[in-house]
Amino acid sequence: MRSVYLDNNATTRVDPEVVEAMLPFFTDQYGNPSSAHAFGSPAGVAVRRARRQLQALIGAEFDYEIAFTSGGTESDNAAILSALEVMPERTGIVTSAVEHPAVLTLCAHLEKTRSVKVHRIPVDRLGRLDLDAYKAALSPRVAIVSIMWANNETGTIFPAIELANLAKEVGALFHTDAVQAVGKVPMDLKSTAIDMLSLSGHKLHGPKGIGALYIKRGVRFHSLIKGGHQERGRRAGTENTPGIVGLGKAAELAVQFMDDENTRVRSLRDRLEKGVLKRVPYAIVTGDPLKRLPNTANIAFDQVEADGMLRLLSRYGIACSSGSACSSGSLQPSHVLTAMDFPRSAAHGTIRFSFSRHNSEEDVGRVLEVMPGIVEKLRDMYCSRSPGEEPPSGPT
Ligand code: PLP
């Protein structure tokens, strides 16, 4: 059976060209990029090239504004913790209610262990940020705003550039977790007030365990990881040369494929959404219909559990994700759908289909072929109520 991979917001297939670019740095060119001899210098040259490839993708003014890290989680942690260190007189953090756990878990920890005040800005039913609440939370007590560029579950895009301008008015640093946006949304950071931006290799057909933090020139920064002087003292530890080279190549390819992402990939996604809505009753697309990542379709199916749908889809060779996390036997809707105040009966049955440049019309056709039968079968099995009715209150 042909498999269909539609879970690209979780991780992507490493591009064969990326693998090819990385291989020599495991074999012949194994030198330490910081060494001055004949083994070190090709590695050093390769790391510098990767920095420029990334600079081009995100429109940074200078290549040294990029510090390589182990991925999105480390970049997010490094940005927020640095801000609290360089501005000890400020103890506020502004973030959103729908951030990735890389930000939300750290904020909750800081709230518990330090005298830090965290403002979590709510979103509406379409996952759009409450701009009035955001403006109200900004004050000279805020050290950093950390708000994602695009949401990993619904694909909703936040107005990062406008949010950064507002943060500047109160002298706060502005960081954005752009792990899902980089490579899908054109960026020109040099013309923005964004101080720091996180990205991750494995979301853009690069390897896992490598990422970067963009730190605008002039922004004071304290390294999260203390040690040697690598990455201009902003991230200690011998550089992951193969990973960095892979990320650089992935960035170069992302520049080439950006148009494809916004035309062909978007039209595959739209075809899937329209096809599902036409064939399956009581289904709706979540997130902002206008400002959404071109590759993400998060669809809520009323009166059916995501868990069952995922299992049956998997039997047909189709891989995707749910907006629910299975904990101790009960499916809890994700914090994103909860923050959107999504009706529980639909939040429990939310499936995320996320595309990449490796997907085809055939993949869409396969999902459309099997989805109506899967939903109908599960609704018949689990549902004694009619679709559209509210479920009884209390835990399910
Ligand atoms: N931020 C967002 C929005 C993500 O989607 C992810 C990964 O799922 C991360 C951060 C974490 O990135 P990494 O897996 O590179 O640590």
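Residues numbered from 1 in each chain as written. Predicted model: local features only at pLDDT ≥ 70, side-chain atom pairs only at ≥ 80, totals over all residues. Heavy atoms only, no water.

Domain boundaries in the protein chain define domain 1 (16–256) and domain 2 (258–383). The C-alpha-based centres of domain 1 and domain 2 are spaced at 29 Å. Listed by partner, the interface residues are 30 residues for domain 1 and 28 residues for domain 2. Interface area lost by domain 1 to domain 2 is led by Arg 125, Glu 153 and Lys 184, which between them contribute 30%. Seen at the junction of domain 1 and domain 2, the total is zero salt bridges. Where domain 1 touches domain 2, the interface holds 11 residue pairs in polar contact (both at pLDDT 80 or more). When residues in the side of domain 1 that touches domain 2 are grouped by element, the largest group, four residues, is from helix α7 (residues 241–279). Here the side of domain 1 that touches domain 2 is composed, by residue class, of 14 nonpolar, 10 polar and six charged. (Domains from an automatic or database assignment. Contact = heavy atoms within 4.5 Å. Buried area = accessible area lost by both parts, 1.4 Å probe. Salt bridge = Lys/Arg side-chain N within 4 Å of Asp/Glu carboxyl O. Polar contact = N/O pair within 3.5 Å; in protein donor to acceptor, adjacent residues only side chain to side chain. Helix = DSSP H or I, 4+ residues; strand = E, 2+ residues; numbered from the N terminus. Nonpolar A, V, L, I, M, F, W, Y, C, P; charged D, E, K, R; others polar.)

Let us look at the site of the ligand. Around the ligand sit 13 residues, and of these Thr 73, Asp 177, Gln 180, Ser 200 and Lys 203 come closest. Contact between the ligand and His 202: an oxygen atom at 2.9 Å from a side-chain N or O atom of the residue. Between the ligand and the protein, one listed contact pairs an oxygen atom with a side-chain N or O atom of Lys 203 at 2.6 Å. Notes on the ligand: free accessible area 400 Å², of which the protein chains cover 85%. In terms of residue count, helix α3 (residues 72–86) provides more of the shell around the ligand than any other element does, three residues in total. Grouping the constituent residues of the shell around the ligand by class yields two nonpolar, eight polar and three charged. (Near = heavy atom within 4 Å. Areas by Shrake-Rupley, 256 points an atom, 1.4 Å probe, with all protein chains shown as cover.)

Counting 62 residues, the largest nonpolar core has Ile 58, Phe 68, Tyr 134, Val 145, Trp 149, Val 182 and Leu 197 as the members making the most contacts within it. When residues of this core are assigned to their parent elements, the largest contribution, seven residues, is made by α7. When residues of this core are sorted by domain, at least three fall in each of domain 1 (16–256) and domain 2 (258–383). Beyond its immediate stretch of four places on either side in the chain, Phe 68 contacts Val 47, Ala 50, Arg 51, Leu 54, Gly 211, Ala 212, Glu 231, Arg 235, Ile 244 and Leu 247. (Core = buried A, V, L, I, M, F, W, Y, C linked by side-chain atoms within 4.5 Å. Buried < 20%, exposed > 50% of the residue type's maximum accessible area, 1.4 Å probe, protein only.)

Time to look at helix α8 (residues 306–315). Burial in α8 covers these residues: Ala 306, Gly 308, Met 309, Leu 312 and Leu 313. Along the long axis of α8, the arc covered by the buried residues comes to 160 degrees, so they all point the same way. Where α8 terminates, the next one or two residues include Gly 317, which has phi positive at roughly 85 degrees. (Arc of directions from axis to C-beta.)

Time to look at the environment of Arg 232. Mapped onto the elements, Arg 232 comes out in the loop between β8 (211–215) and α7. We classify Arg 232 as exposed; its relative accessible area is 62%.

Okay, the sheet that holds strand β15 (residues 350–354) next. Strand order in this open sheet of four strands is β9-β10-β15-β12, and the pairing throughout is antiparallel. Each end of this open sheet is capped by a strand with a single partner; those strands are β9 (283–285) and β12 (321–322). Where strand β10 (residues 296–301) meets β15, five bridges bridge the pair, whose relative direction is antiparallel. Its bridge partner being in β15, Asn 298 is matched across the sheet by Arg 352. Packed on one face of the sheet, α7 meets β9, β10 and β15 and runs near 10 degrees to β10. Along the sheet, α8 makes contact with β10, β12 and β15, crossing β15 at roughly 40 degrees. (Pairing = 2+ DSSP bridges. Axes fitted to C-alpha atoms, helices over the stretch in contact; angles between N-to-C directions.)

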